[in-house]
Amino acid sequence: MAAAGPLRLPLLAVRPPWPRCPRRGAARPPAGQIRAAFLRFFEEKHGHRCLPSAPVRPRGDPTLLFVNSGMNQFKPVFLGTAHPRSELAQQRRVVNSQKCVRAGGKHNDLEDVGRDTYHHTFFEMLGNWSFGDYFKEEACSMAWELLTEVYKIPKDRLYVTYFGGDSSLGLNADEECRDVWLSLGVPANHVLPFPMKDNFWEMGDTGPCGPCTEIHYDHGCGGPRYQGLVGNADVGHVDMAYRVVADHVRTLCVCITDGIYPGLSGAELVLRRILRRAVRFCAEVLHAPRGLLASLVPAVVEVLGDAYPELKKNADQVMDIINENEVAFLSSLERGRRIIERTVQQMKPSADFPAEVAWSLYGNLGFPLDLIDLMLEEKGIRLDSAAFNELVLEDAKRKAHGPQEGRQLEGTVVHLDVHSMAQLQRDNIPATDDSPKYSYKLGQHGQYEFSPCQATILMLYRDQSLQKEVGAGQHCGVILDRTNFYAEQGGQASDRGYLIRLGQQDILFPVESVRLCGGYVIHEVTAVETLRAGDQVQLFVDEVQRLACMTNHTATHLLNFALRHVLGDSTEQRGSHVTAEQLRFDFNIKGPVTVEQLQQVEQVVQDVIKRNEAVYMAEVPLALARRVQGLRALDEGYPDPVRIVSLGVPVETVLTSNSQAAMQTSVELCCGTHLLQTGAMEDLAIVSERQLVKGISRVIAVTGRQAKQAREVGQCLAMEVDSVSIRMKQKRITSVLEMQNLSKEVGQLTKVVASTAMPQWQRRELQSILKSLQRTANTTIKKLEVQQAEEKAQRLLAKHCNQPVIIDTVPADSLSILMKVVNQLCDKSPGTSVLLLSPQDSGEVLCACQVSKNCLPMFSAADWAVAVCTQMEGKAGGSPVVAKGSGNAKGMQGALTTALEFAQSKL
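Residues numbered from 1 in each chain as written. Predicted model: local features only at pLDDT ≥ 70, side-chain atom pairs only at ≥ 80, totals over all residues. Heavy atoms only, no water.

Re the confidence of the model for the chain
Within the chain, residue pLDDT values average 87, and 93% of them lie at 70 or more. When the criterion is pLDDT under 50, residues 222–226 qualifies, and its contacts beyond four places in sequence or with other chains add up to 14 contacts. Taken as a whole, residues 403–412 scores under 50 in pLDDT and shows 5 contacts with residues more than four places along the chain or in a different chain. (pLDDT = per-residue confidence, 0-100. Contact = heavy atoms within 4.5 Å.)

This is the structure we're talking about:
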């Protein structure tokens, strides 16, 4: 439980004890009963509003991989960034049960799960919250009442801790909190001070922080004990394995249901490690058959499904994803073991296991590091830890200097810090009126007309501080009383453009990006002259860029509708991003999207474009929007009123009681800017579709001229593929070289088709044709090579009849053909050893040889080829039976002599 006062006051966290280990035979209240009692206590007795759990994938918070505490969804309130009109900003008393995952970042309990009885990667955090309503006294009183009167926990078993101060930091003890507990009747010897490490809450260098208080249950040498074994007593780690598997399958169920799938980066990578850790404990400790982990999903749904109904909807999909990932991981383990075995066999005695191999196993196969250590330890071999740590450090540096660093630096200017935002509110600086961003219309000739906007500079922001003036050449954020610029939100990129001071029409201040922070729109500007608070300015949006974003945003809504129409109502959006160049759309899907489905989706979109449907937009009360059938679930983060965008159907019709309109067209909540009619989109082409992770697909699409260009390119490539196909099928090709050239042409076309922007359905069709052509070419080349080899072998056999050694030159287009000639000779004359040279037009000489098994081990093909190719200043290699190489034509005659002398010395 936690209660927070105004932002500047210390934060108080009250943590309830849960008797984790009831004695054998004691009544164990189910989780649902504990949860329901908690929510009912605060909702009915103390007037809190019960809010649903947020998904474990954080919304708009790049600092978190997972929601890891009950407070995450309330961060906008604590930081002062919640939109003033949002439902969240209006809350005063709230209670919730939050799904939490702690497996990555600052809170990472992954490796501790199973080692004790209380660490989990998934758990539920029950919380009561006060936003400027009550504080320490009421929070402590409610907590004590809940534990002692509702849960009936004996008072004499409860101990309270509070912050004892820190003299080095000049922080006094929280005596106010101590006195509150004493006034509630807690004995003085049960109220204990603790240092900053235990009773001071903070999550970073800046932001909300302060003393906290905790309530602990004393189990006692006679309290209830958990019978599962831990530590050394848990021989074979069997009890640990049960705890790990039980915990991890809960985490997997919740995360996959909320759209986080095992993957290769970020939260998805962490979840993959959780799944693989659970699989290892199932297989290696419990010796369970494959599928055990997925078979536990129904049990998780039974326990948590009533509290989190979304778990019931996708249980089958969750089981499928777990099973498929388990099979893939077990396959990787097998491959990894073979790689380790092979590497160990090739190592010199007393050498360390190469760090590069271990890093490849870890990075490419997802092979756990502790398993690598264990397998090497079993073989008495050590990993080269120093070299491995260097690779880890290099990887960390590479990631630190990746594209995110640039985004973070960029955001230091345009994102208001919490102190500056609080200062604006104290100074009664009003939130920016950004309604003019929707002020545009269609002109007489169908062109879009965007109204200019006049505004006043209220404040400037630079170097994390508010300023009244910014000098020429300085980078700053400009806060205006009103704006027609669209700030980046809802997946749509921000506007660009410029502003001018009234009376100075010839001086332009470029606007590079725009952000929304707690109701204030921040324009990122480089001042070409001094800017001051109070300056009157006129704003001009880059109309071409804005119109392109409007087109692609409306296309995104239409694409969403088309995907649901073709793939089914269970298809749900998982993310989107709209820029002037393209649109990106992520959605859940059980299987791969077929060529036919991609064509159908494009057709649905094109039909709406041809009808030139009107796009209706209106702001409506949140309560009214909640009744619209077909709209995705609304949460407290939406501002009230909300904006509805409807294609082809007026918003008034959508809002009609029992209306099915939202099920028949695209109707979405959206703060973005849109076309007024769909015809301006002209065309839409899906140029990419791929699975990000199992169950989540991403499409990229383009519109307008880009879409038409993609279709034209696709048609041109289709004609090229048809040309190659006709040449390969109609003409009887007898030359290996000619077929090899066609094969190269197919390979080049394959690369172009894979990398060029074109309709994805057409790309798939052409790739299928090219794959078939490549197989045909390879088969034909092999047949022609065998045919040529047979002819050459017959001539050589006639020339060197019944000779124990054949050494000669022969024309051959490739080393592959030369090797086949050698093989044919040895097959037809089993006791003969053969070495052939083939001079090429380039001046290179190819060499191939095979030694009769009767001559082993005295006569080695590898040694023979090395001796001959060295004479030609070349290289060779192979086995005792077959070998090949190459050299320079200048030494060919001497090489033939060397070949004969070497053979004679061995026979």
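Let's pick the thread back up.
Examining helix α13 (residues 369–378)
Listing the buried residues of α13 in full gives Leu 371, Ile 372, Met 375 and Leu 376. Down the axis, α13 shows its buried residues gathered within 130° of arc, on one side only. For α13, the exposed residues set more than 90 degrees away from the buried face come down to Glu 377 and Glu 378. Those residues of α13 that are buried are in contact with α7 (266–285), α11 (315–346) and α12 (355–364). Where α13 terminates, the next one or two residues include Gly 380, which has phi positive at roughly 70°. (Buried < 20%, exposed > 50% of the residue type's maximum accessible area, 1.4 Å probe, protein only. Helix = DSSP H or I, 4+ residues; strand = E, 2+ residues; numbered from the N terminus. Arc of directions from axis to C-beta.)

Section: the side chain of Asn 588
Here Asn 588 shows up in strand β23 (residues 583–588). For Asn 588, the side chain forms a polar contact with the main-chain nitrogen of Glu 572, separated by 2.5 Å. Sequence-distant contacts of Asn 588, that is, excluding residues within four places in its chain, are made with Tyr 261, Ser 570, Thr 571, Glu 572, Arg 574, Gly 695 and Ile 696. (Polar contact = N/O pair within 3.5 Å; in protein donor to acceptor, adjacent residues only side chain to side chain.)

Topic: the nonpolar core
One finds Leu 293, Ile 322 and Phe 353 to be the most contacted residues of the largest nonpolar core, which totals 62 residues. Ranked by the residues each element gives to this core, the list is headed by helix α6 (residues 238–257), at 10 residues. Leaving out residues up to four positions away in the same chain, Phe 353 has contacts with Ile 340, Thr 343, Val 344, Met 347, Ala 358, Leu 376, Ile 381, Arg 382, Leu 383 and Asp 384. (Core = buried A, V, L, I, M, F, W, Y, C linked by side-chain atoms within 4.5 Å.)

Considering the UniProt feature "binding site: Zn(2+)" (unreviewed entry) in the chain
As recorded in UniProt, the feature "binding site: Zn(2+)" (unreviewed entry) lies at His 553, His 557, Cys 670 and His 674. Spanning 122 residues, the named residues nonetheless gather at one spot, since no C-alpha pair among them exceeds 9.8 Å. Note that His 553 resides in helix α17 (residues 543–567). Taking relative accessible area as the criterion, His 553 reaches 4% and is therefore assigned buried. Excluding anything up to four places from it in sequence, His 553 contacts Gly 490, Gln 492, Val 578, Cys 670, Gly 672, Thr 673 and His 674. Position of Cys 670 relative to the elements: it lies in the loop between β26 (667–669) and β27 (684–693). In this view, Cys 670 contacts His 553, His 557, Arg 643 and Val 645; residues no more than four positions away in its chain are not counted. (UniProt positions renumbered as here; feature names shortened; annotations may be inferred.)

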